[in-house]
Structures are given as C-alpha cells and as structure tokens.
Amino acid sequence: MRPLTEEETKQVFLKLSEYIGRSVERLINRSDERHCFRLMKDRVYYASESQMKAANAVSRDNLLHFGTCLGKFTKSGKFRLRITALDYLAQYAKYKVWVKPSAEMQFLYGNNVAKSGLARITEGTPRYAGVVVLSMSDVPLGFGVAAQATDACRELDPSGNVVLHQADVGEYLRGVEDEMF
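Source: prediction; values computed, not measured.

Our focus in this paragraph is the state of the cysteines. Across all of its chains, the model carries zero disulfides by this definition. With no disulfide partner, C36 has as its closest neighbouring cysteine sulfur the one in C69, 14 Å distant. Overall, the relative accessible area of 11% leaves C36 in the buried class. With relative accessibility at 7%, the residue C69 sits in the buried group.

Have a look at this one:
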C-alpha cells in the first residue's frame, strides 16, 4: 500500500473528472473526514485517513483490501474505473441518464442504452461525456459514455444508441467479481 505517484494521480483524477467534473476535490476534502487514494496491487483504493492508519497496522501479506476500490491500472498503464466506484460517481455526477423500467434489465445484462429505453437525460450532455445511468426511482445502475449529445437524441431513431455501456451492477450477478476484487 503506497500513495499514488504524480502521474498515477493525474490519470485517476482525469478519469474521475470525466464523470464528476470539479467535484473530485470534494472526494478528498469531505466534511466528515479527509479521504485519500492509495495503490495496492495495481488497484486504487479510496479510504478515510482513519481507515488508512488502521490498514497500516496490518502486515502487507495479510492485508487483502481496505476502503473502496475505485479502479485498476491495466498492464499498459491506463486507469479503468470499476463498478465499485458507482456510489461516488452517482453522488457527484455531472451528467445523468434515466432509463425506462423496460430497459433496466437490458442495461444490467451489459447492453447499451437505446433511444427507446431512454426516459430522461441531463440537459446539455455533450457527446462522449461520462454519464451515470439511473433507474426512474433514482437508483444507480451503472455508468457509461454518452454516444449522442442531448440535442442529437431528439432526432435519433428508436434503435440508436444513447449510452455506451461501461459497467453496471449486474456484474456482481454475472460472476465478474473474480476479476473485480
């Protein structure tokens, strides 16, 4: 367990800012307690400073995880967000997409969100922006990338993609958790 290097921090903050914008600062300077990012086995963890101090008391061989795993660095050095970061992304998201109940299961099976399944979208969402996908009852289902801008969605045919799938909570059920943790 070690602090992120400057280059790693830059990559993590760039990826997070795609979804939450300038709210990345709020992740660190929270009102309840300061939080930090730590790297362990190519995974980036987000934890409070008290959790980090408690984890330091455990030997490196015996420590499996601590805090919340936000993502992982690939072997090529790129940072990928994991579904475990959804709670924080949904809390501070700049752009959101709400899907109809009939399209929820399609998204949870790993499919993209089509125009026919779109219920609402945040006004002013640009193309290729990071979006959080929510159910109509505001339950976060996952996240992805906007395939179309808000204006282009109005003229799109019903089978056109609005959100390109990246991660969803169905990954827990599909057995992807082996590579997640």
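A word on the packing of aromatic side chains. Across all of its chains, the model carries six aromatic pairs by this definition. Between F13 and F37, the aromatic rings sit 5.6 Å apart at their centres with planes inclined by 70°, giving edge-to-face as the arrangement. With F13 in helix α1 (residues 6-20) and F37 in strand β2 (residues 35-40), the pair connects residues that are 24 residues apart, well separated along the chain. What makes F13 partly exposed here is its relative accessible area of 27%. Take F37: its relative accessible area is 8%, and that puts it in the buried class. Ring centres of Y45 and F66 lie 5.4 Å apart, and the angle between their planes is 25°; this geometry places the pair in the stacked category. With Y45 in strand β3 (residues 43-48) and F66 in the loop between α3 (49-56) and β4 (68-73), this pair connects stretches of sequence that are 21 residues apart. Following the ring pairs from residue to residue traces out a cluster consisting of F13, F37, Y46 and Y88.

Let us now look at the pattern of salt bridges. Considering all chains together, one arrives at five salt bridges under this definition. The closest approach of N and O atoms between R34 and E49, which form a salt bridge, is 3.6 Å. In this pair, R34 is assigned in the loop between α2 (24-28) and β2 and E49 in helix α3, connecting sequence segments 15 residues apart. Assessed through its relative accessible area of 44%, R34 is described here as partly exposed. For E123, the salt bridge identified is with R154, shortest N-O distance 3.2 Å. Taken together, the positions of E123 in the loop between β8 (118-121) and β9 (130-134) and R154 in helix α6 (residues 150-155) put the pair 31 residues apart, joining distant regions of the chain. Through salt bridges with shared partners, a single network forms among E123, D151 and R154.

Remark: a regular strand shows side chains that alternate across the two faces of the sheet. With six of seven residues buried, strand β10 (residues 140-146) lies mostly within the body of the structure. Relative to β10, β9 runs antiparallel, the two sharing five bridges. In the strand pairing of β10, V132 is matched with F143. Hairpin connection between β9 and β10: a loop of five residues separates the two successive antiparallel strands, and D138 in this loop has a positive phi of roughly 65°. One ladder, built from five bridges, connects β10 with strand β11 (residues 161-168); its direction is antiparallel. Along β11, the bridge assignment pairs A146 with V163.

Moving on: the pairing of strand β6 (residues 96-99). Pairing of β6 with β9, which is carried by three bridges, proceeds in the parallel orientation. Looking at the pairing, W98 lines up with L134 of β9. As paired elements, β6 and β8 share three bridges and run antiparallel to each other. Within the sheet, the bridge partner assigned to V97 lies in β8 and is I121.

Rules and cut-offs
- Residues numbered from 1 in each chain as written.
- Predicted model: local features only at pLDDT ≥ 70, side-chain atom pairs only at ≥ 80, totals over all residues.
- Heavy atoms only, no water.
- Disulfide = S-S within 2.5 Å.
- Buried < 20%, exposed > 50% of the residue type's maximum accessible area, 1.4 Å probe, protein only.
- Phe/Tyr/Trp six-rings, centres within 6.5 Å; stacked < 30°, edge-to-face > 60°.
- Helix = DSSP H or I, 4+ residues; strand = E, 2+ residues; numbered from the N terminus.
- Salt bridge = Lys/Arg side-chain N within 4 Å of Asp/Glu carboxyl O.
- Pairing = 2+ DSSP bridges.

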